[in-house]
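Close look at the chain arrangement
As a plain string of letters, each chain reads:
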Amino acid sequence: MKVKIVHNPFPKAQSIVRKALEIFKNYGLEITDSDPDYVIAIGGDGTLLKAIKYGKPVIAVKAGRRGFLMDVEPERLECALKRLIDGDFKIQEYPLLKLNTEGINTLAFNEVGIISEQPETIILNFKSDNINFSIEGDGALISTPQGSTGWALSATGNIILDVDAIELAFINPVLSPLRSVVISSNPITIKIEDKGYNQKIRLTSDGDIVETVNTGDEIHVERAKEKAKVLRFFEINPIGGILSGKNNL
């Protein structure tokens, strides 16, 4: 069984990595950077995002300031690895978003961000099967249900769980009380509307800048066919974690 470790740079994670390497050796697990069977994320939710990018099942070990989606506490790591070898775990699948524009084609676990490059507002038009509206502000986030507990939560205060939906979260909308819209998981086209001059807008996938687009460009976001897989050994409670600042296991 081959595993890859992805971790944050902080001392706590480094210490857990050293412990993990000893455990792997005892159980005959092979560490690799090439075509692993599993990826072990040691850190917070940001580390989980990086691990998801490898397209392999992920084991989520909490070693960060936040870790609402991480279920393995450091002291339970060896227990989790024993259960991995025995096949004693659940597989939790998460929806992904597919971003396509200007030759860019990428996946997002949490959200696609559309953010003004300059300190000025932009006007975005959203069009899907049953919606067509425009809103002005600093930008918008197109979020998965799990993404609603991250960046989108800071913008809206809402959490979307256990529904097949996408949240359109608006960042500092101008002259509008609307903070978000929850829609069915249909393809969405977002157009950068013209304010009378060219504007540059940053597109992000899970916080990473993937492209810069301009006034008049269209951005296409839809539910991806692929899903992210996280192996679960213990229960998580994202809402309880957010309210208390830690996961309830």
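Everything numeric in this text was worked out from a predicted model, so none of it was measured.

What counts and how
Residues numbered from 1 in each chain as written. Predicted model: local features only at pLDDT ≥ 70, side-chain atom pairs only at ≥ 80, totals over all residues. Heavy atoms only, no water. Pairing = 2+ DSSP bridges. Helix = DSSP H or I, 4+ residues; strand = E, 2+ residues; numbered from the N terminus. Axes fitted to C-alpha atoms, helices over the stretch in contact; angles between N-to-C directions. Buried < 20%, exposed > 50% of the residue type's maximum accessible area, 1.4 Å probe, protein only. Right-handed = clockwise from strand over helix to strand, strands pointing away. Left-handed = near helix turned anticlockwise from the far one by under 90°. Contact = heavy atoms within 4.5 Å. Nonpolar A, V, L, I, M, F, W, Y, C, P; charged D, E, K, R; others polar. Phe/Tyr/Trp six-rings, centres within 6.5 Å; stacked < 30°, edge-to-face > 60°. pLDDT = per-residue confidence, 0-100. Core = buried A, V, L, I, M, F, W, Y, C linked by side-chain atoms within 4.5 Å. Salt bridge = Lys/Arg side-chain N within 4 Å of Asp/Glu carboxyl O.

As a further point, take the sheet that holds strand β7 (residues 111–116). Each strand in a sheet pairs with another by means of backbone hydrogen bonds, the pair being arranged parallel or else antiparallel. The strand order across the open sheet formed by 6 strands is β12-β11-β10-β7-β14-β15, and the pairing between neighbours is antiparallel. Each edge of the open sheet is held by one strand with a lone partner, namely β12 (180–184) and β15 (208–214). If you compare each strand with its neighbour and ignore which way they point, the axes differ by 20° on average.

Of all 5 residues making up strand β4 (residues 58–62), 5 are buried, and the element is well covered by its neighbours. Bridging between strand β3 (residues 38–43) and β4 involves 5 bridges; their strand directions are parallel. Looking at β4, one finds that Ala41 is bridged to Ala60. Taken together, β3, helix α2 (residues 45–52) and β4 form a β-α-β motif whose crossover is right-handed. Across 2 bridges, the pairing between β4 and strand β16 (residues 218–232) is parallel. Across the sheet, Val58 pairs through a bridge with Val230, a residue of β16.

A few words now on the packing of helix α1 (residues 11–27) against helix α3 (residues 77–86). Between α1 and α3, whose axes approach to 10 Å, the crossing angle comes to 35°. Every pair of crossing elements has a handedness; the one defined by α1 and α3 is right-handed. On α3, the residues that touch Ile16, Ala20, Ile23, Phe24 and Tyr27 of α1 are Leu77, Glu78, Leu81, Lys82 and Ile85. Here the residues of the contact of α1 with α3 sort into 8 nonpolar, no polar and 2 charged.

Counted according to the given criterion, the structure contains 5 aromatic pairs. Geometrically, the ring pair formed by Phe126 and Phe170 is edge-to-face, given 5.7 Å between the ring centres and 65° between the ring planes. Taken together, the residues span a long stretch of sequence, with Phe126 in strand β8 (residues 122–127) and Phe170 in strand β11 (residues 165–171) at a distance of 44 residues. We classify Phe170 as buried; its relative accessible area is 1%. Between Phe133 and Phe170 the ring centres are 6.0 Å apart and the planes differ by 85°, which places this aromatic pair in the edge-to-face class. Pair noted here: Phe133 is in strand β9 (residues 132–137) and Phe170 is in strand β11, with a separation of 37 residues, a long-range link. A relative accessible area of 21% means that Phe133 is categorised as partly exposed. By way of ring pairs, the aromatic residues Phe126, Phe133 and Phe170 are connected into one cluster.

Okay, the confidence of the model for the protein next. In low-pLDDT regions, the fine details of the predicted coordinates are not to be read closely. Here the protein averages 91 in pLDDT, and 96% of its residues register 70 or above. Looking over the protein, one finds the lowest element-wise mean pLDDT in helix α5 (residues 238–244), namely 65, and the highest in β8, namely 98.

Core analysis: the largest hydrophobic core is formed by 25 residues, its most contacted members being Ile114, Phe126, Ile142, Leu168, Ile190 and Ile219. In this structure, Leu29, Ile42, Ala63 and Ala80 belong to the second largest nonpolar core, which totals 23 residues.

This part is about the pattern of salt bridges. Across all of its chains, the model carries 9 salt bridges by this definition. Between Glu117 and Arg202 there is a salt bridge; the shortest N-O distance is 3.8 Å. In this pair, Glu117 sits in the loop between β7 and β8 while Arg202 sits in strand β14 (residues 200–205), placing the two residues 85 residues apart along the sequence. A relative accessible area of 27% means that Glu117 is categorised as partly exposed. You can call Arg202 partly exposed: its relative accessible area is 35%. Between Lys195 and Glu136 there is a salt bridge, with the nearest N and O atoms lying 3.8 Å from each other. Placement of Lys195 in the loop between β13 (188–192) and β14 and of Glu136 in strand β9 is noted, with a sequence separation of 59 residues between them. Overall, the relative accessible area of 29% leaves Lys195 in the partly exposed class. In this structure Glu136 comes out as partly exposed when scored by relative accessible area, which is 28%.

Among the 8 residues of α2, 6 are classified as buried, and the element is accordingly described as predominantly covered. All of the buried residues along α2 are Asp45, Thr47, Leu48, Leu49, Ala51 and Ile52. Where the residues of α2 are buried, they touch β1 (2–7), β3, β4, β5 (90–101) and β16.

Position of Ala228 among the secondary structure elements: in strand β16. Once you skip the residues sitting within four places of it in the chain, Ala228 turns out to touch Ile52, Gln92, Glu93, Tyr94, Leu96 and Phe109.

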